[in-house]
Amino acid sequence: MISLLNSIFHNQGKMIIRSICKAIQTLWLVALLVFCLPSGVAYSAVTTSLVGGPSQITIATFNVENLDPKKESVSKVDGNTPRNVDDDVKDGKFAALAGQIVTNLQAPDIIALQEVQDNDGAELSSEVNASLTASTLIKAIGSVGGPTYEYREIAPKNGQDGGQPGGNIRVGFLFNPQRVKLQKVERFADDPAFAESRKPLVGEFLFNNTPITLVNNHFASKNGGTASNTQRKNQAIIVNKFVVDQLKTVPSANIVVLGDLNDTPASPPIKTLQGSELKNLVDNIPLTDRFSFVFRGSKEQIDQILVTPNLFSKGQPEIDAVHVNAGISGSASDHDPVIARFTVSTLGTAAPASPVPAVPPKPVATSSPILPSLDGKGLLEELDKLYSPRTPLGYGTARELLYTEIDNQGGIVTDIYGGYSVPISKSSTKAKDEATQKGINAEHVWPQSMGAQGPAKSDLHNLFASRQEINSDRSNFPFAEIPDNQTTSWYLDDDELPVKPSSTEIDKYSEFKRGSFEPREAKKGDIARVMFYFRTVYPELAKASFFEDQRDILCKWQAADPIDATEVARSRAIALTLQGNENPFVLDATLPKRTYCD
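Residues numbered from 1 in each chain as written. Predicted model: local features only at pLDDT ≥ 70, side-chain atom pairs only at ≥ 80, totals over all residues. Heavy atoms only, no water.

### Some words on the overall build of the chain
Note the threshold: Every helix listed is a DSSP run of H or I at least four residues long, and every strand listed is a run of E at least two residues long, numbered separately from the N terminus. A contact between two residues is defined here by any heavy atoms of the two lying within 4.5 Å. The method behind every accessible area is Shrake-Rupley, applied with a 1.4 Å probe, and residues are considered shielded solely by the protein chains displayed.
When its secondary structure is counted, the chain shows 16 helices and 23 strands. Pairs at least 24 residues apart make up 72% of the contacts formed inside the chain by residues separated by at least 6 positions. Entry remark: accessible area of the chain is about 26,800 Å², with carbon and sulfur atoms responsible for 55%.

Below is the structure:
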């Protein structure tokens, strides 16, 4: 009996020990799965609660991982290797990204995209255009019920921006034109810090007439190890300086710096980027959710959104990490998007550092000299490069902008020469027709017949609202000082006098005699600076003899009628349109003497 009991206990003990061992083994496997597998597998796709509204704008950043619309030919890719060939259309990548944008991101108003490839993907060719890549994504978004987005970029130089050989990856903006208006897009200048890396793209948008500037970044890849950490820090220094310079001009500027920064929020490069000027919104994401990428098995928040003080303190910022890709096998990208929402109605209007008075005194202090080490021909050549229009406007578009934004002050459009004013709503959709009906048309200060043709015809710096009769009389005649006893027509408001007006009012009148035209005193400097601008940015179109005949009088006018705040505001308003450039002669009072008036 005792032997039997010993046998039973012995066998049961073995069973118990086996059970314990098996349980330990199971727990060890579970732990292994939890701690060693990519952390994204624990997540299922989520949907953001941040949706735009009448006074709320949503902005996202999304790395779409080498997106292109073509199945590459293996004979045309780097190394002729199959791993450099994919078919994003057939494989459903465009459809999957579209679903994430529309469903999971709730169709943001603006999406800063990274890793957009050119139209033939990784094929080694001269192709750098990504219009087909963008249009394929836009079409896919529309097919799943999303808005009709528009896309803007500035294409890189072939083979200069790193990434998969042949792909020419770049950053770009996808935006809903029904919600926001793109004013201007610019690419950072070449710099050693961005060698073999993407150059940031700056987009200036309007939402409910409030300007918001986005800086879209894709910093140097982690694949470069410690060297790329130094490169990322140098890139961060440049972007931070851009923000600092913008805030010096407009302290309340609404700037969003975002993108795939390839480093964590606490890293030296990101702390350098942040400086004292930016707030990193990802710090507000719960720690358990604070990741957008899985790097060597580690969850990291490398896709980030940083903002300037006005947006942070007054824009009621909200942020969401939308986990749909990172660490999930077979996902549409290797990055999760990040989205932020801002309440724009609380922001107020971004104002210059020195507020513009209602009736500005003359002269108004200008900025420090532009290109102070240059003068003469060298200076003119550089001004042409730096201040030519970024995007030519159609003539119809230019006139609509002229009558609703540029020469429209509080719903009133005023003729440059006689001061004649007519009401035109700033929201008018047929402003040029209304202007014509009310006796206003567009004056080319530098006449069309003297060179204002093609894109130059629509340059807003050269266009001004004018009373039709005055515009017709001025025709293409040069500007001049007309002796009073030779003047045949005097213009003020809606009146035209054949005789000299009273001496107390005479300076308010513009004058005409056949062969020449003299603007009213208050606008002579404005006219001169427009003439200098046109001769500078259109040197091949502008008829040289037409300018030389007037040069001396224009130099006298610009000195006698210095730059005023109204000119500065007008130049800035034009720079905020798609045309996207300032008149440098309005920014720097030293330029006439250093160029035309020596």
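### Things to note about the sheet that holds strand β3 (residues 150-152)
Applied cut-off: Pairing between strands is defined by DSSP: at least two bridges between them are needed. Only the stretch in contact is used when fitting a helix axis, every axis being a line fitted to C-alpha atoms; angles between N-to-C directions are given from 0 to 180 degrees.
Strand order in this open sheet of six strands is β3-β4-β2-β1-β14-β13, and the pairing throughout is mixed. Bordering the open sheet on either side are β3 and β13 (318-321), each of which pairs with just one other strand. On average, each strand axis in the sheet is tilted by 20° relative to the strand beside it, whichever way the strands run. In the packing of helix α2 (residues 93-104) onto the sheet, the strands contacted are β1 (56-67) and β2 (110-116), and the crossing angle to β1 comes to about 160°.

### Comments concerning empty space enclosed by the protein
Which entries qualify depends on this criterion: Using only the protein atoms, space was sampled on a 1 Å grid; points where a 1.4 Å probe fits but cannot get out form cavities, open sets with protein on both sides within 12 Å along at least five of seven lines form pockets, and lining residues are those with an atom within 4 Å of a point. Grid points are joined across faces, edges and corners, and a volume is the space filled by probe spheres set on the points. Residue type decides the class: Asp, Glu, Lys and Arg count as charged, Ala, Val, Leu, Ile, Met, Phe, Trp, Tyr, Cys and Pro as nonpolar, and the leftover types, Gly among them, as polar.
Using the criterion set out here, one finds one cavity of 30 Å³ or more in the structure. Here the largest cavity defines a volume of roughly 40 Å³. Tallied by class, the residues present in the lining of the largest cavity amount to three nonpolar, no polar and five charged.

### Details of the sheet that holds strand β22 (residues 510-513)
One key point about sheets: their strands pair by backbone hydrogen bonds, in either a parallel or an antiparallel sense. One open sheet holds the four strands; their spatial order is β21-β20-β22-β23, and the pairing between them is antiparallel. Each having just a single partner strand, β21 (495-497) and β23 (516-518) make up the two edges of the open sheet. For this sheet the average axis-to-axis angle between neighbouring strands, irrespective of direction, equals 20°. In this sheet, β21 lies alongside strand β20 (residues 489-492) in antiparallel orientation, the contact comprising three bridges. Counterpart to Trp 490 in the pairing with β21 is Leu 497.

### Let's talk about the confidence of the model for the chain
Put simply, the rule reads: As a per-residue measure, pLDDT tells how confident the predictor is, with possible values from 0 to 100.
Looking at the chain, pLDDT values average 88 and 88% of them are 70 or higher. Ignoring residues within four places in sequence, the model shows residues 1-43, a span with pLDDT below 50, making 17 contacts including any to other chains. The low-confidence segment residues 349-367 (pLDDT under 50) makes 31 contacts with residues lying over four places distant or belonging to another chain.

### Here's the deal with the packing of aromatic side chains
In this description, a pair of aromatic rings is defined by centroid distance and the angle of the planes. The following threshold applies: Any two of the Phe, Tyr and Trp rings considered here, Trp counted by its six-membered ring, make a pair once their centres fall within 6.5 Å; the pair's planes then place it as stacked at under 30 degrees, edge-to-face at over 60, or tilted in between. The cut-offs for exposure are 20% and 50% of the maximum accessible area for each residue type, with area from a 1.4 Å probe on protein chains only; residues under the lower value are buried, those over the upper are exposed, and the others partly exposed. When the NZ atom of lysine or the CZ atom of arginine is within 6 Å of a ring's centre and also within 35 degrees of its normal, the charge is said to sit over that ring.
Within the structure shown, the criterion is met by 18 aromatic pairs. An angle of 50° between the planes, with centres 5.4 Å apart, marks the rings of Phe 188 and Phe 242 as tilted. On the criterion of sequence distance, the pair formed by Phe 188 in the loop between β5 (181-187) and β6 (201-207) and Phe 242 in helix α4 (residues 225-249) is long-range, its members being 54 residues apart. Taking relative accessible area as the criterion, Phe 242 reaches 19% and is therefore assigned buried. Each ring, one from Phe 534 and one from Tyr 538, has its centre 4.7 Å from the other, and the planes form 40°; the classification is tilted. Phe 534 sits in the buried class, given a relative accessible area of 0%. Joined through ring pairs, the aromatic side chains of Trp 446, Phe 532, Phe 534, Tyr 538, Phe 546, Phe 547, Phe 585 and Tyr 596 make up one cluster. Taking NZ or CZ as reference, Lys 279 lies 5.8 Å from the ring centre of Phe 312, over its face. Sitting over the face of the ring of Phe 464, Arg 570 holds its NZ or CZ atom 3.7 Å from the ring centroid.

### A word on the state of the cysteines
Cysteine pairs can be covalently joined through their sulfur atoms, and such a bond is termed a disulfide. Stated formally: Only a pair of cysteine sulfur atoms within 2.5 Å counts as a disulfide in this structure description.
Evaluated as defined, the whole model comprises one disulfide. Disulfide pairing places Cys 555 opposite Cys 597 at an S-S distance of 2.0 Å. One disulfide, between Cys 555 and Cys 597, carries an S-S torsion of -85° and so falls in the left-handed class. Of the two residues, Cys 555 sits in helix α13 (residues 551-560) while Cys 597 sits in the segment after α16 (591-595), which places them 42 residues apart along the sequence. Each member of the pair, Cys 555 together with Cys 597, is buried.

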